[in-house]
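# Coordinates in review
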Amino acid sequence: MRIIRTIAEMRAAVREARRADRSIGLVPTMGAFHEGHLSLMRQARAASDLVVVSLFVNPTQFGQNEDLSSYPRDEARDAALAADEGVDILFAPDAAEIYPDGFATSIHVSGITDVLCGAQRGPHHFDGVATVVTKLFGIVAPDAAYFGQKDAQQIAVVRRVVADLNLDVRIEACPIVREADGLAMSSRNVYLSAQAREQATALNRALDAAAAVRESGERDGERMLDAARSVLAEADITPEYLELRDASTLNTVTRVDSDALLAVAARVGAARLIDNHILKGQL
Ligand code: PAF
């Protein structure tokens, strides 16, 4: 596996792959790899000739009071894990390579970024995500890019950018990978104390409780939300949000007549965690 740090070198590798008619799969990441990231790499590996994983802790998507400085970083460990998955290139630029002096462009997706994590974290978050992902698409020119379904709003935002800017890349949403007790894997789980780690399992249990209500034949969203709220309350978790929304428009859904996104975010101990389930329109 090659580690590439400059855009010029990355572009040369892309040109060489294109000359050989090789397809390119990109897995954009901020490192601190866990099974969720590795599952994205495996899906990219199975579908592409050249697999590029980007490792860049993107400063523009963090707010002033967020965890940019403490975000877990261990490039040597990440590189070893990526190499084990058969990744061809780890693209690990520094911040000045991506945001050189004079950098002045930002991509803002309106509407769908005003709710859920966009409302909680502020507009800079998805502006930062949309801008860096668009830059990565411009640098790596992938046929397909792989994102985890855990960040469901991020996927909706990236799909919107791709559609609106006519970018020639297929967006693959990959299933959430969970620990044995159901906690969604996240690089931020390392912030959890043993007690908070136990408490955090209530997020998935709450989503499961809502899904069970849907599976009993109920379509009224409030009933599903109530079931989830009681599990969170029992675990002493006050969610930042717990909402039922259309997975692509992110409009509020009150009846589950077609597939709907049930999304939750909460601070548990020292971590801000998110999770979601798709509640089925058709049983
Ligand atoms: O999901 C992430 O890790 C980041 O938001 C991404 C897509 C790599 C952009 O920095």
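Given the structure is predicted, the values throughout are model-derived calculations rather than measurements.

Now for the sheet that holds strand 6 (residues 170–174). Taking strand neighbours across the sheet as the criterion, the six strands line up as 1-4-3-2-5-6 in an open arrangement whose pairing is parallel. Two strands bound the open sheet, and with one partner strand each, they are strand 1 (2–4) and strand 6. When the angles between neighbouring strand axes are averaged without regard to direction, this sheet yields 25°. By the bridge criterion, three bridges tie strand 1 to strand 4 (residues 89–91) in an arrangement that is parallel. Bridge assignment links Ile-4 to a residue of strand 4, and that residue is Phe-91.

Next up on the list: the site of the ligand. If you check the shell around the ligand, you find Pro-28, Thr-29, Met-30, Asn-58, Gln-61, Val-132, Val-133, Phe-147 and Gln-154 and nothing else. Between Gln-61 and the ligand, the recorded distance is 2.6 Å, taken from a side-chain N or O atom to an oxygen atom. With respect to the ligand, the side chain of Gln-154 contributes an N or O atom lying 2.7 Å from an oxygen atom. Look at the ligand: alone it shows 290 Å² of surface, and the protein chains cover 88% of it. For the shell around the ligand, the elements supplying multiple residues, two or more each, are strand 2 (24–29) and helix 6 (123–140). Looking at the shell around the ligand, its residues break down into five nonpolar, four polar and no charged.

Let us now look at the packing of helix 6 against helix 7 (residues 152–164). Close contact between helix 6 and helix 7 brings their axes to 10 Å; oriented N to C, the two are set at 55°. Our classification of the angle between helix 6 and helix 7 gives oblique. Here helix 6 runs over helix 7; the crossing is right-handed. Only Gln-153, Gln-154, Val-157, Val-158, Val-161 and Val-162 of helix 7 make contact with helix 6, whose side of the interface consists of Phe-126, Val-129, Ala-130, Val-133, Thr-134 and Phe-137. Class assignment for the residues of the contact of helix 6 with helix 7 results in nine nonpolar, three polar and no charged.

The rules behind each value
- Residues numbered from 1 in each chain as written.
- Predicted model: local features only at pLDDT ≥ 70, side-chain atom pairs only at ≥ 80, totals over all residues.
- Heavy atoms only, no water.
- Pairing = 2+ DSSP bridges.
- Helix = DSSP H or I, 4+ residues; strand = E, 2+ residues; numbered from the N terminus.
- Axes fitted to C-alpha atoms, helices over the stretch in contact; angles between N-to-C directions.
- Near = heavy atom within 4 Å.
- Polar contact = N/O pair within 3.5 Å; in protein donor to acceptor, adjacent residues only side chain to side chain.
- Areas by Shrake-Rupley, 256 points an atom, 1.4 Å probe, with all protein chains shown as cover.
- Nonpolar A, V, L, I, M, F, W, Y, C, P; charged D, E, K, R; others polar.
- Parallel < 35°, antiparallel > 145°, perpendicular 65-115°, else oblique.
- Left-handed = near helix turned anticlockwise from the far one by under 90°.
- Contact = heavy atoms within 4.5 Å.

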